[in-house]
Amino acid sequence: SSGVAVCSGVSFTLSLTGTSIASGLSYQWQKSIDGSNWSDISGATTPNCITNQTEDMYYRCRVTCDNSGLSDHSTSLQVTTYGNFTPPYNEDFESIVMDNDYPGCMSSTNLGTHTFTYTAAQGSYNQTAHGGTKFASFAAPGTDYFFTPGIELTGGQTYQFSFYYITDGYVGWN
C-alpha cells in the first residue's frame, strides 16, 4: 500500500494492525528501498516502530510464532519523503484539522504547552488568524519556536522573506 508522506529526518510511528497482541509472538520491522530487498530495522521488535527517513522507503513487519517458528509479513507500506522546498514558499495553518496540529513539515518546541495551533479564533489576547481561520500562538514567557521545513536557496540569488505577527498588547512584545 502507499500514500503516506513524511518530512525528511523527522520521526514517525509505524503501527501494526490486525494482529493479535499476545505472548508467544515476536515482531521484527523491516525496510526496503525497492520493496524487494529487505533488511531488519535494528531494535524495532514491537508492534509499533518509531523511525525516520531521508529517502523514500518501504516498510513491513515480520510476525513470528515463537512455538512453531512460523512467520508471516504484513502488507508493505511505501512511505515517501518530502524534500526541501524551493521558493516561492508560503505556509499558513489552513491545512490543520484539529488544534495543536502542524501544517506540512512544520514543527515547534513544546506544542500544546507553550506553542499552540488553533482551528478557530480564540477571542482573547488578540488570537486571530491573519488570513483564513486557523493560526498559531505562543504562551508567554517563553523561548519557544515554530520551524518551517528547509528551504533550498541558490547562492548569488536575492530572496525576500516576510512573516505576519500580532501581539496581545502586553509589555515585552515590542
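All figures in this text were calculated on a predicted structure; none of them were measured in a lab.

**Focus: unusual backbone geometry**
Point 1. Positive phi is not limited to glycine here, since Asn-100 has a value of about 60°.
Point 2. Counting through the fold element by element, Asn-100 comes out in the loop between β8 (77-82) and β9 (107-108).
Point 3. The class for Asn-100 is partly exposed, based on a relative accessible area of 31%.
Point 4. A positive phi angle is found at Asn-110, which is not glycine, with a value near 55°.
Point 5. Looking at the secondary structure, you find Asn-110 in the loop between β9 and β10 (115-118).

**Looking at the pairing of β10**
Point 1. Every second residue of β10 is oriented toward a common face, with Thr-115 and Thr-117 on one face and Phe-116 and Tyr-118 on the other, all of them buried.
Point 2. When β10 meets strand β11 (residues 135-138), the two strands line up antiparallel, connected through four bridges. Along β11, the bridge assignment pairs Thr-115 with Phe-138.

**A few points about the nonpolar core**
Within soluble globular proteins, side chains that are nonpolar tend to cluster in buried spots.
Point 1. Grouped together as the largest cluster of nonpolar side chains are 14 residues, with contacts concentrated most on Trp-29 and Tyr-59.
Point 2. Elements represented by at least two residues in this core include exactly β2 (12-15), β3 (25-32) and β6 (57-65).
Point 3. In terms of residue count, β6 provides more of this core than any other element does, four residues in total.

**Quick word on the packing of aromatic side chains**
Point 1. Counted by the stated rule, this structure contains five aromatic pairs.
Point 2. The interplanar angle of 40° and the centroid separation of 6.1 Å between the aromatic rings of Tyr-145 and Phe-147 together place this pair among those described as tilted.
Point 3. For Tyr-145, a relative accessible area of 48% corresponds to the partly exposed category.
Point 4. The structure contains a cluster of three or more aromatic residues connected by ring pairs, namely Phe-116, Tyr-118 and Phe-135.

**Section: the pattern of salt bridges**
Point 1. On inspection of all chains with the given rule, the structure shows one salt bridge.
Point 2. We note a salt bridge from Asp-40 to Arg-62, for which the minimum N-O separation is 3.8 Å. Here Asp-40 is found in strand β4 (residues 39-40), whereas its partner Arg-62 is found in strand β6, with 22 residues between them in sequence.

**Remarks on the confidence of the model for the protein**
Point 1. When pLDDT is averaged along the protein, the result is 82; 84% of the residues meet or exceed 70.
Point 2. When mean pLDDT is compared element by element in the protein, β4 scores highest at 98, while β11 scores lowest at 80.

**Overview of the side chain of Gln-30**
Point 1. Its place among the elements puts Gln-30 in strand β3.
Point 2. Judged by its relative accessible area of 5%, Gln-30 falls in the buried class.
Point 3. Separated by 3.0 Å, the side chains of Gln-30 and Asp-40 make a polar contact.
Point 4. Only 2.7 Å separates the side chain of Gln-30 from the side chain of Arg-60, close enough to count as a polar contact.
Point 5. Once residues lying within four places of it in the same chain are set aside, the contact partners of Gln-30 are Trp-38, Ser-39, Asp-40, Ile-41, Tyr-58, Tyr-59, Arg-60, Arg-62 and His-73.

Procedures and definitions
Residues numbered from 1 in each chain as written. Predicted model: local features only at pLDDT ≥ 70, side-chain atom pairs only at ≥ 80, totals over all residues. Heavy atoms only, no water. Helix = DSSP H or I, 4+ residues; strand = E, 2+ residues; numbered from the N terminus. Buried < 20%, exposed > 50% of the residue type's maximum accessible area, 1.4 Å probe, protein only. Pairing = 2+ DSSP bridges. Core = buried A, V, L, I, M, F, W, Y, C linked by side-chain atoms within 4.5 Å. Phe/Tyr/Trp six-rings, centres within 6.5 Å; stacked < 30°, edge-to-face > 60°. Salt bridge = Lys/Arg side-chain N within 4 Å of Asp/Glu carboxyl O. pLDDT = per-residue confidence, 0-100. Polar contact = N/O pair within 3.5 Å; in protein donor to acceptor, adjacent residues only side chain to side chain. Contact = heavy atoms within 4.5 Å.

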